[in-house]
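Take a look at the letters that make up each chain.
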There are 4 protein chains.
Amino acid sequence: MRAVKSKPRKIATAKSGNTRPAANKVGVTSTQTGRTARPSNRAARAAQRRAAIIAAGLDEFTARGFAATRLDDVARRAGVAKGTIYLHFKDKEALFQELVRTALVPLIVNLTALPAAGGSIREILERFAEAFVRDVAETRRGDIVRLIMAEGARFPSLADFYFREVVSRGLEGMRKLIEGGIARGEIRDARLADFPQIVVAPALVAVMWQGLFGRHAPLDAVAMLRIHLDLIFGERRVS
Amino acid sequence: MRAVKSKPRKIATAKSGNTRPAANKVGVTSTQTGRTARPSNRAARAAQRRAAIIAAGLDEFTARGFAATRLDDVARRAGVAKGTIYLHFKDKEALFQELVRTALVPLIVNLTALPAAGGSIREILERFAEAFVRDVAETRRGDIVRLIMAEGARFPSLADFYFREVVSRGLEGMRKLIEGGIARGEIRDARLADFPQIVVAPALVAVMWQGLFGRHAPLDAVAMLRIHLDLIFGERRVS
Amino acid sequence: MRAVKSKPRKIATAKSGNTRPAANKVGVTSTQTGRTARPSNRAARAAQRRAAIIAAGLDEFTARGFAATRLDDVARRAGVAKGTIYLHFKDKEALFQELVRTALVPLIVNLTALPAAGGSIREILERFAEAFVRDVAETRRGDIVRLIMAEGARFPSLADFYFREVVSRGLEGMRKLIEGGIARGEIRDARLADFPQIVVAPALVAVMWQGLFGRHAPLDAVAMLRIHLDLIFGERRVS
Amino acid sequence: MRAVKSKPRKIATAKSGNTRPAANKVGVTSTQTGRTARPSNRAARAAQRRAAIIAAGLDEFTARGFAATRLDDVARRAGVAKGTIYLHFKDKEALFQELVRTALVPLIVNLTALPAAGGSIREILERFAEAFVRDVAETRRGDIVRLIMAEGARFPSLADFYFREVVSRGLEGMRKLIEGGIARGEIRDARLADFPQIVVAPALVAVMWQGLFGRHAPLDAVAMLRIHLDLIFGERRVS
DNA sequence: GATGAATGAGAATTCATTCAT
DNA sequence: AATGAATGAATTCTCATTCAT
C-alpha cells in the first residue's frame, strides 16, 4: 500500500525523442509539442519551449498533484533546464495556474461550440454526452477536471476562475438548452432549468470514475448518459 | 493569486483546551477527540492519543492534501509530540491511509443502515438524500469524500479500498433499492438498475460543489436531489 | 587576483575537536564554545549549540560578509546539521543580526566599565586606548566592528542598533570624559566636547587598518593613540 | 528588520534616458556615462559601453556589495545586454576590481593635486579638509572608500592595490606636508610625521559616519575637521 | 511510553556564465 | 560586436524521520 511516487528518472528528453502519448496535447498544437521541427526564429522557439513546459507540467501535476510535483521533473520531461522554467513563469504556482487556465480554454471552446450544430435538444445533448465522454472523460482533458477538483480547495483563485470561465458559463448554456427543451415540449419538468447540474452530474461522475476506478471497474459512460437523458426526456428511444 | 497555505501556527493544543468545532469528529467518538476525561489505564490513554492524532490528521489532510500537510501541524493540533505519531503509525502515509479508512467506516454504516427504516423506495431515497446532504455534503464528512477524490489517483490502494468498501457496497445497496423500486412499479426505467451511479450522481456533484464553489455560489442540494428523484420516479410530488 | 572564497571543506566539527583560536570567543563563555564538557540537561545542550552556531557564524560572516556566507559552512563549523540552525534562528538574516548583537554586548560592557577605575582623564583615556587596541583592534572583536562597517549600509536596522547601543552611548561617555577634562583644565579646547568622534577617530582607523593592511604594513596603534592624546591634552609626555 | 535588497527592477536604461544623478560619475567622464552622443566609430562606442558598465557596476556594487550584486542589474542599469559585460570583463570579479581601480584614479589625482596651490600648511590642510568633505565624504566617491573597507578583507589584491596606490601615496604626501609644517614651526609635535594617519583619521570617520548614520544623525564634518586641525596646529583660529 | 531536538535528504529558486543567432 | 535565452551549479530553507533523555 504505497503512494504513487515512482520518480520518473530519465524521462524522455526532447533530444532523445518524445514518447508522450498523443492525448497529452491539451490546448497545445501538436506540432508545437513534438519539438521535432525547430522553428527558425527566436520567438517561435520560446513559444515552443513554453508550450513544452506547460505540457510537461500538466503531465506531472495531474499525476502527482501540486505539492508533490517537482519542477526538476517538469523540466526533464519538457527537455529544458530547470532555470528555463523560471524564464517563463514566476514560480511553481504561476506555472500551475497558467497551465490549468491554458488547458481549460479548449474545454470552454468545446462547450460553447456544441449546441451550434442544431437538431432537437435531445439530439444536441446526446451529441454533447458522446463528445464529452470521448474528448474529456476518457482522455487527458479529464485529468484537468480532476486536477481542479483535487486542488481547487487549495487554490481558491483557481476554483474561482474555473467557476467563472467554465462552470457558470457551461451551466448557463445548459440552462438555455433545457429551457429550449421545455419550450419545445421535449422536457416535462420545468424545474430542471433551475438545476442544470442535474443534467451534467452523471457526466462528472463518469470523469471521476474513470480517474479513480476506471482501471479496475470500467464504466460504460455513454450508455449511462443515454439512460440519464431518457430519464430527462422520457424514454422514447430503444437504442 | 496565492495558494492557501496559511500555516496554522498556535493551534489549540490538548493542554490549552480543544477549540475544534463539533463537526470535526469524523468517525471518532467525541469523548476520544476531546481528551478531556483522562482514562486511568494505559491502553485507554494510548487509544485516546491515537484518536486525537487521527482527528487532527483528518483536519490537516482535508485542508491541505497529503503532500502539503506537515506532521508537525498534525502533532500540534492533536496536542502530542511529533514523535508520538510514530508510536502509532509507521509513517505519514500509514497515518493518511488509516485515517481515511477510519473516517469511512461511519459512511459505510450510514449507507447500510438507511434502507432499514422502511416505507416506499421513493421515501427511502428521499430520506437518504436528506441525510446525505445534512451529514455529508455540508459537513466535515464531505471533506473525506473530496479528499479521496483528490488523492485517490496518487494512492491506488486507497482508491481500491474506497471502491471495495464504500463504492461497490454503496452501489450494490442502491441497485437493490432500484430493483425494489422497479418491482414495486415505482421506477419505470429498468435499465437504471445497471447504473446506480445515475441515482447517486447529483449527490456527489453536491459534495464537490460545496467544497469548491459553495462559498460563492451556494447550492440548494436538497431541492436539487428532490427534483432528480422526481425524474426517476415520475414527478408526483411538487413539494 | 582572486577573491577569497576558499571553501573551508572539512572544518573542525565538534566531534573532531575544536580548533578555533581563543580569540574566537566573543561574548560566549569559553566553556560553552569548547563543547568539550557536555552538559547533562537539555536546555544547557541547546544553549551550547546555539552558542556554537553563533560563534561559527561570526567566523564565517566576518570572513566572507553576509551574502557570501553559506549556512552550510556555518553548520559544519559549528558541528551541527544544517537544519539545526533553523531551530534557533528564523533564517540567515536573523542569525546574522542576532550574532552581531550578541557580539556587541561585551563591547558595550567594556566601554561603560572603563572610566570607573579613576585617575586623571588623561590616564583614563590612555587606559582606554590600550584596552581598545589590545581587546578590539587586534582581536576577533575588531572583526565585528569591521563587519558592521561593511554590512551596515545593507542592514539599516543593524546600523541603527549599533548606533543606538554602541556609538551614541560610547560617544556620550566620551563626551562626559571630555567635559571632565575641560573642567579639570586637562583639555584646553572646549569645542572637543561637541565632537567626541575626534578623540575616537584614530582608534577606529587602527581597527580598519589592521583588517585591511595589517598583514603587510603593521601599525603601532598604541603609539599612534598616545601621540593623538598628546595632541588633545598638550604634549607633556615624551614617552 | 530586513536587509536592504530592493530589487531595482526597471532601472533607467540608456535608451530610455539616463536619470542617474550627477554624483554618479566617479572617475568616468560625464560624456561617457550619458551615452547620449553616439560616437561614429567602433572603438569609441566600445569605450562608451565599457564606461557605462563600469558606472552601473559602481552603483550596484556600492549599494549591495560584491556578492549581492547581480550582473543582470548592472547590465540593465548600463543599458546593455548581460552578455556584453563579458565582452569587456572576464567575469564578475574582474569587473569589480577594474571598477574600483578606475574609480580610485580621481581620488589619487585629487590627493596629489591639492598641495600645489600653496599657502601655509594649515591653509593647505584646511583646503584639503573642505575638498574632502565636499567631494568625497558626502558624495558617491565616499561609497568607493566604504566599498573598499567593506570588501577589502575579501579581496586582498584589492586592498593591496588600494594600499599601494592610494593609502601609501596619500600618507606619504601627508607626511611631507606635516614635515613642512614642522619645519615652518606650524606644527609642534614632530612625532606626527610618523603617524600621518592621525591627521587623516577624522576625515575617514566622517566618511564612515555619513554612510552608516548620516541619515539619522548628520555630522558637521567640516566643523569637526577644523577643530581637529586646531588641535594639530594650536587653536589660533576660532572661525 | 512520550518527548522534541537533531538530522540531512530534497525541493524551490537564483544567477554567473555561455553561446547560437 | 551585441544580444538575451538557456543552462545548471549552488544556496536557502523545509520537513519526515530518528533517537537520546
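Located above this text is the structure these notes cover.
The model shown is predicted, which means the values in this text are computed figures rather than measured ones.

Scoring rules and cut-offs
Once a new chain begins, its residue numbering starts again from 1 and follows that chain's sequence as written. A letter from A marks each chain and a number from 1 marks each ligand, given out in the order of writing. Restriction of local features to residues with pLDDT of at least 70 applies here, the model being predicted, together with a cutoff of 80 or more for giving and counting side-chain atom pairs; totals for whole chains, interfaces and linings are based on all residues. Side-chain descriptors were evaluated using all non-hydrogen atoms of the structure, hydrogens and water having been removed beforehand. Numbering of helices and strands starts at the N terminus; helices are DSSP runs of H or I of at least 4 residues and strands are runs of E of at least 2. Think of it in three bands: residues with accessible area under 20% of the maximum for their type are buried, residues over 50% are exposed, and the middle band is partly exposed, with areas taken using a 1.4 Å probe on protein chains only. By definition in these notes, contact holds between two residues if any of their heavy atoms fall within 4.5 Å. The term buried area means the drop in 1.4 Å probe accessible area that two parts suffer when joined, counted for both and summed. Throughout this description, the term salt bridge denotes a Lys or Arg side-chain nitrogen within 4 Å of a carboxyl oxygen of Asp or Glu. Throughout this entry, Asp, Glu, Lys and Arg are counted as charged residues, while Ala, Val, Leu, Ile, Met, Phe, Trp, Tyr, Cys and Pro are counted as nonpolar. The remaining residues, Gly among them, count as polar. Note on terminology: near, applied to a residue and a molecule or strand, indicates that one of the residue's heavy atoms is within 4 Å of it. Polar contacts, as counted here, are pairs of nitrogen or oxygen atoms within 3.5 Å of one another; within protein the pair requires one atom able to donate a hydrogen and one able to accept it, and residues that are adjacent in sequence qualify only if both atoms are side-chain atoms. Only residues with pLDDT of at least 70 in both copies count here: their C-alpha atoms drive the least-squares fit that superposes the copies. Whether two aromatic rings pair depends on their centres lying within 6.5 Å, for rings of Phe, Tyr and Trp, where Trp uses its six-membered ring; planes under 30 degrees apart make the pair stacked, over 60 edge-to-face, and the rest tilted. In our convention, an over-ring charge means Lys NZ or Arg CZ found within 6 Å of a ring centre and within 35 degrees of that ring's normal.

Moving on, we come to the overall build of chain A. Scanning chain A from terminus to terminus reveals 10 helices and 0 strands. Counted from the first residue to the last, chain A has its helices and strands arranged as α-α-α-α-α-α-α-α-α-α. The buried share of chain A, taken over its 239 residues, is 52%. Considering only intrachain contacts with a sequence separation of at least 6, the fraction spanning at least 24 residues in chain A is 65%.

With that settled, the discussion passes to the interface of chain D and chain C. Each partner contributes to the interface: chain D provides 61 residues, whereas chain C provides 62 residues. The contact between chain D and chain C buries some 5,200 Å² in all, and 69% of this surface belongs to carbon and sulfur atoms. At the surface where chain D touches chain C, the tally comes to 3 salt bridges. A salt bridge links Arg191(D) to Asp230(C), with the nearest nitrogen and oxygen atoms 2.6 Å apart. Listed by contribution, the elements that provide at least two residues to the side of chain D that touches chain C are helix H2 (42-64), helix H5 (92-113), helix H7 (140-151), helix H8 (156-183), helix H9 (196-212) and helix H10 (221-233) of chain D. Per-class residue counts for the side of chain D that touches chain C are 36 nonpolar, 8 polar and 17 charged.

This part is about the protein's contact with DNA strand F. Near DNA strand F, the surroundings consist of 31 residues, among which Arg49(A), Thr84(A), Tyr86(B), Tyr86(C) and Thr84(D) are the closest. Here, DNA strand F places atoms within 4 Å of the protein, and 70% of those atoms are sugar or phosphate. Contacts to DNA strand F include Arg70(B), whose side-chain N or O atom sits 3.5 Å from a phosphate oxygen. Taking Arg49(D), its side chain carries an N or O atom lying 3.2 Å from a phosphate oxygen of DNA strand F. Those elements that provide at least two residues to the surface near DNA strand F are helix H2 (42-64) and helix H4 (82-88) of chain A, helix H4 (82-88) of chain B, helix H4 (82-88) of chain C together with helix H4 (82-88) of chain D. In terms of residue count, the dominant contributor to the surface near DNA strand F is H4(A) (5 residues). Along the lines of polarity and charge, the residues of the surface near DNA strand F split into 10 nonpolar, 7 polar and 14 charged.

Our next topic: the relation of the copies chain B and chain A. Mapping chain B onto chain A calls for a rotation angle of 179° and an axial translation of 0.0 Å; the resulting RMSD is 0.2 Å. Such a combination of turn and shift is consistent with a two-fold rotation axis. For chain B, the minimum C-alpha distance to the rotation axis belongs to Ala150(B) and amounts to 1.8 Å. Both copies contact each other with a shared surface, as 95% of the interface residues of chain B are interface residues in chain A too.

Take the protein's contact with DNA strand E next. Around DNA strand E sit 31 residues in total, of which Tyr86(A), Thr84(B), Arg49(C), Thr84(C) and Tyr86(D) are the nearest. Backbone sugar and phosphate groups make up 70% of those atoms of DNA strand E lying within 4 Å of the protein. Contact between DNA strand E and Leu71(A): a phosphate oxygen at 3.3 Å from a main-chain N or O atom of the residue. Separating a phosphate oxygen of DNA strand E from a side-chain N or O atom of Thr84(B) is a distance of 2.6 Å. Elements with a contribution of two residues or more to the surface near DNA strand E: H4 of chain A, H4 of chain B, helix H2 (42-64) and H4 of chain C together with H4 of chain D. Here the surface near DNA strand E takes 5 residues from H4(C), the largest share from any one element. Grouping the constituent residues of the surface near DNA strand E by class yields 10 nonpolar, 7 polar and 14 charged.

This part takes up the interface of chain B and chain A. With 60 residues of chain B at the contact, the number on the chain A side is 59 residues. Contact between chain B and chain A buries roughly 5,100 Å² in total, counting both sides, with carbon and sulfur atoms accounting for 69%. Our count for the chain B to chain A interface comes out at 3 salt bridges. The tally of links from chain B across to chain A stands at 6 residue pairs in polar contact (both at pLDDT 80 or more). Counting residues per element, the ones that place at least two in the side of chain B that touches chain A are helix H2 (42-64), helix H5 (92-113), helix H7 (140-151), helix H8 (156-183), helix H9 (196-212) and helix H10 (221-233) of chain B. Among the elements that make up the side of chain B that touches chain A, the one with the highest residue count is H9(B) (9 residues).

The way to describe two aromatic rings as a pair is by their centre distance and the angle between their planes. In this structure the tally under the stated criterion is 40 aromatic pairs over all chains. With a centroid separation of 4.9 Å and an interplanar angle of 45°, the aromatic rings of Phe96(D) and Phe155(D) are classed as tilted. Here the residue Phe96(D) occupies a position in helix H5, and Phe155(D) occupies one in the loop between H7 and H8, the gap between them amounting to 59 residues. The exposure class assigned to Phe155(D) is buried, which follows from its relative accessible area of 1%. Site record: aromatic cluster; members linked through ring pairs are Phe61(A), Phe66(A), Phe96(A) and Phe155(A). Over the face of the ring belonging to Phe161(D) we find Arg101(D), whose NZ or CZ atom lies 4.4 Å from the ring centre.

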